[in-house]
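What follows is the residue order along each chain.
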Amino acid sequence: MSFFLHGIGVSGGIAIGRAQLVSHATLEVAHYTIASEQVEPEIERLTQALNAVQREIESLHGAMTADDAPAEFGAFLDVHWMILTAEWALTQQMGVLIEQFDLIEDAYLRERKADVVQVVERLLKVLLGKPGAVRPANAEEQTVLVAHDLSPADIIQFKGHHFAAFLTDLGGVTSHTAIVARSLNVPAVVATHNARALIRDDELVIVDGARNVVIVNPDGAVLHEYQLKQGEFALEQKKLQRLTTTRAATLDGQHVELLANIELPEDLERAVEAGAAGVGLFRSEFLFLNRDELPSEDEQFEAYRQVAAGMDGKPVTIRTFDLGADKHKQGVDGLSRVAPNPALGLRAVRFCLAEPRLFHTQLRAILRASHYGNVKILIPMIVSAAEVDQTLTMIARAKESLREQGVPFDAGIEVGGMIEIPAAVLAIGMFMSRLDFLSIGTNDLIQYTLAVDRGDDAVSHLYDPLHPAVVKLVAMAISSAVKGGVPVAVCGEMAGEVQMTRLLLGMGLRNFSMHPAYLLSVKQRVLTTDVTKITPLVERMRRSDDPNKLAQLLAKLND
Ligand code: PEP
Ligand code: MG
């Protein structure tokens, strides 16, 4: 029987393959009573299983090389290693732990309960004599992994088997699976809720990551249609490569800057390959996550220097760390307080100003790196003039300390701010007069405008980039900056959505920063756009309060 499942597509593209169910061992354990003399041998069996899983994780770690796996994997394995050593907690208190995780309000932290479950599953697999290896995928037939949830450790193991796609019951856009799937560049749909229960091994599955849909046992006509679509997609991707060195300009000659968003220095290679005009957003907080100790000034300097030098004179915009909210603590001392409402709490620049020593260290590291390239500083989540003034004072102090030591840096380094809170749009003038440039973070701007937690799939249907309020706010931010002569970019996901490219161009945007995977399709859209022709339509969109009308006008814009 053919049926559809819906979820959240976290990575685009189409895959067609046979389902391979990943065992959810916790559901398959037999409960039996043992005699007292069997207790010791059972404990011995458990100890052996723990040792085996420790070796398994060690060998996964050892097998990882820089180009073998994205940088996040190592950190995730470390988390699993730490959980594994807490043997008593795993074996006796998993249920208690899970209940505690379920009570956590923060979606990102709540999702981490999957790490506990996954390690217990590994153990149980060893105990049951079913180590985690998967059967080799048939080279002819693509394999689609179907799991309740997938750990990055599992994915490393599966990597050599050329899986075509991932499908999971759990996970929001911030889940590990989402992060890893994006890094591996294969289609993935998460939050399908019951794919693992409904799909059977070897059933034919179509995963359409762009349309958030999974089709199980498609009939001949649907399968044929998707085979064609898949072929077209592959061809399209290939054709796009030709645009890598093409200058991004509209049909009416407007030059457009297309820059890359990166999380770690390792991501730079992909940005360069995609022909990025620079780095528009370096999410520096990723250097702070999944580790026990804070990165030292030297370690940070080296990371920033590497990116600055690697971009060879092109701009590199380093965002000062945006910790808090969904990027909480992750083993960093001093960041462990769980706020009552983390998204509205001590996050981003608020946190930096509350921890001046950490901030000073980062500012010195960024300034030192500015000597080796075209570096800019970006302050996240600004909402008050006072916090911008304090940040500028902190930057002046960091410069002074370097001057005293005779350490070189770019004295004219530009400082910008992220416009990602509605109040910052409405009072944008006070930031324009203080800062060199602005960058609109649409991910948070949408979250805060619509009061929709961006990591919570229960409200993801309300997360709407085309909501009339969002369209008005983005348009207002861009036009105010353009009128005031302050350079403005968009660096949220909206900048990488091809459907939104013309809308943003029509609003006056000329600077887009996005994940490198989207850069060439956005460039293609830029190359086929005449701004003079679309401006009247965009003006109508800006004035409209009718969601249906907005959707129609957007479709017309993209005709
Ligand atoms: C944003 O909020 O749009 C943004 C670019 O920052 P982040 O996604 O890291 O919060
Ligand atoms: Mg943001």
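Bear in mind that the values here come from a model prediction, so they are computed numbers and not experimental data.

(A) Representation of the coordination of the magnesium ion (ligand 2) within the structure. Protein-derived ligands of the magnesium ion (ligand 2) are E420 (OE) and D444 (OD), with the metal-ligand distances lying across 2.1 to 2.2 Å. Residue E420 is found in the loop between strand 13 (414-419) and helix 15 (422-426), and its partner D444 is found in helix 17 (residues 442-450); the two are separated by 24 residues along the sequence. The exposure class of D444 is buried, given its relative accessible area of 2%.

(B) Quick peek at a nonpolar patch on the surface. There is a patch of nonpolar side chains on the surface, built from I34, V39 and I43 and spanning about 210 Å² of accessible area. With respect to the secondary-structure elements, V39 resides in helix 1 (residues 39-63).

(C) Examining the pattern of salt bridges more closely. Tallied over the entire structure, the rule returns 17 salt bridges. Taking the shortest distance from any N to any O, the salt bridge between R368 and E297 comes out at 2.6 Å. Note that R368 is positioned in helix 13 (residues 356-369) and E297 in helix 11 (residues 297-310), a separation of 71 residues in sequence. The pair formed by R368 and E297 is uniform in burial state, with each residue classed as buried. A salt bridge links E414 to K376; its shortest N-O distance comes to 3.3 Å. On the criterion of sequence distance, the pair formed by E414 in strand 13 and K376 in strand 12 (residues 374-379) is long-range, its members being 38 residues apart.

(D) Geometry of the packing of helix 21 (residues 531-543) against helix 22 (residues 547-557). Taken N-terminus to C-terminus, the directions of helix 21 and helix 22 make an angle of 165 degrees; their axes are 10 Å apart at the nearest point. Taken together, the axes of helix 21 and helix 22 lie roughly antiparallel to each other. At the point where helix 21 passes helix 22, the crossing takes the left-handed sense. Residues I534, L537, V538, R540 and M541 of helix 21 pack against K549, L550, L553, L554, K556 and L557 of helix 22. When the residues that make up the contact of helix 21 with helix 22 are grouped by side-chain class, the tally is 8 nonpolar, no polar and 3 charged.

(E) Just the nonpolar core, in detail. Formed by 94 residues in total, the largest nonpolar core has its most connected members in Y304, I419, L438, L503, L504, M507 and F512. The element best represented in this core is helix 18 (residues 468-484), accounting for 8 residues. Apart from the residues lying within four places of it in its own chain, the contact partners of L438 are G417, I419, I428, F431, M432, A481, V486, P487, V488 and A489. Membership of the second largest hydrophobic core comes to 16 residues, among which are L5, I199, V207 and V214.

(F) Representation of the environment of V388 within the structure. Following the sequence through the fold, V388 ends up in helix 14 (residues 385-405). In the structure, V388 is positioned 47 residues away from L435 in sequence and 8.4 Å away in space, judged by C-alpha atoms.

(G) Structural detail: empty space enclosed by the protein. For the coordinates displayed, the defined rule picks out 2 cavities of 30 Å³ or more. Estimated volume of the largest cavity: approximately 90 Å³. As for the largest cavity, its lining consists of 14 residues, of which R283, R319, N443, D444 and R454 are closest to the centre. Going through the elements one at a time, strand 10 (279-283) and helix 17 are the ones with two or more residues in the lining of the largest cavity. Residues that form the lining of the largest cavity fall into these classes: 3 nonpolar, 3 polar and 8 charged.

(H) Highlighting the side chain of E297. On the accessibility criterion, E297 (16% relative accessible area) is buried. Of note is the side chain of E297, whose polar atom sits 2.8 Å from the side chain of R364. Setting aside chain neighbours within four positions, we find E297 in contact with T361, R364, A365 and R368.

(I) Focus on the sheet that holds strand 6 (residues 188-190). Read from one edge of the open sheet, 8 strands run 1-8-7-3-4-5-6-2, paired in mixed fashion. The open sheet is flanked by strand 1 (3-6) and strand 2 (8-11), the only strands paired with a single partner. If you compare each strand with its neighbour and ignore which way they point, the axes differ by 30 degrees on average. Relative to strand 4 (residues 143-147), strand 3 (residues 14-21) runs parallel, the two sharing 4 bridges. Considered in strand 4, the bridge of A19 is made with V144. Contacts from helix 9 (residues 220-241) reach strand 3, strand 7 (204-208) and strand 8 (213-216), with the element oriented near 120 degrees to strand 3.

(J) Highlighting the site of ligand 1. In the vicinity of ligand 1 there are 15 residues, among which R283, R319, G441, N443 and R454 approach most closely. The backbone of N443 places a nitrogen or oxygen atom 2.7 Å from an oxygen atom of ligand 1. For ligand 1, the accessible surface in isolation is 290 Å², of which the surrounding protein chains cover 99%. A molecule is said to occupy a pocket when more than half its atoms come within 2 Å of that pocket's grid points, and by this definition ligand 1 occupies the largest cavity. For the shell around ligand 1, the secondary-structure elements that each account for two or more residues are strand 10 and helix 17. With 3 residues, helix 17 is the largest single contributor of residues to the shell around ligand 1.

Criteria and cut-off values
Residues numbered from 1 in each chain as written. Chains lettered and ligands numbered in written order. Predicted model: local features only at pLDDT ≥ 70, side-chain atom pairs only at ≥ 80, totals over all residues. Heavy atoms only, no water. Donors = N, O, S within 2.8 Å, 3.2 Å for Na, K, Ca; no water. Helix = DSSP H or I, 4+ residues; strand = E, 2+ residues; numbered from the N terminus. Buried < 20%, exposed > 50% of the residue type's maximum accessible area, 1.4 Å probe, protein only. Patch = residues over 30% accessible without salt bridge, like charges linked within 9 Å, V, L, I, M, F, W, Y side chains within 5 Å. Areas by Shrake-Rupley, 256 points an atom, 1.4 Å probe, with all protein chains shown as cover. Salt bridge = Lys/Arg side-chain N within 4 Å of Asp/Glu carboxyl O. Axes fitted to C-alpha atoms, helices over the stretch in contact; angles between N-to-C directions. Parallel < 35°, antiparallel > 145°, perpendicular 65-115°, else oblique. Left-handed = near helix turned anticlockwise from the far one by under 90°. Contact = heavy atoms within 4.5 Å. Nonpolar A, V, L, I, M, F, W, Y, C, P; charged D, E, K, R; others polar. Core = buried A, V, L, I, M, F, W, Y, C linked by side-chain atoms within 4.5 Å. 1 Å grid on protein atoms, 1.4 Å probe; cavity = no way out; pocket = protein on both sides within 12 Å on 5 of 7 lines; lining within 4 Å. Points joined across faces, edges and corners; volume = space filled by probe spheres on them. Polar contact = N/O pair within 3.5 Å; in protein donor to acceptor, adjacent residues only side chain to side chain. Pairing = 2+ DSSP bridges. Near = heavy atom within 4 Å. Sits in = over half its atoms within 2 Å of the grid points.

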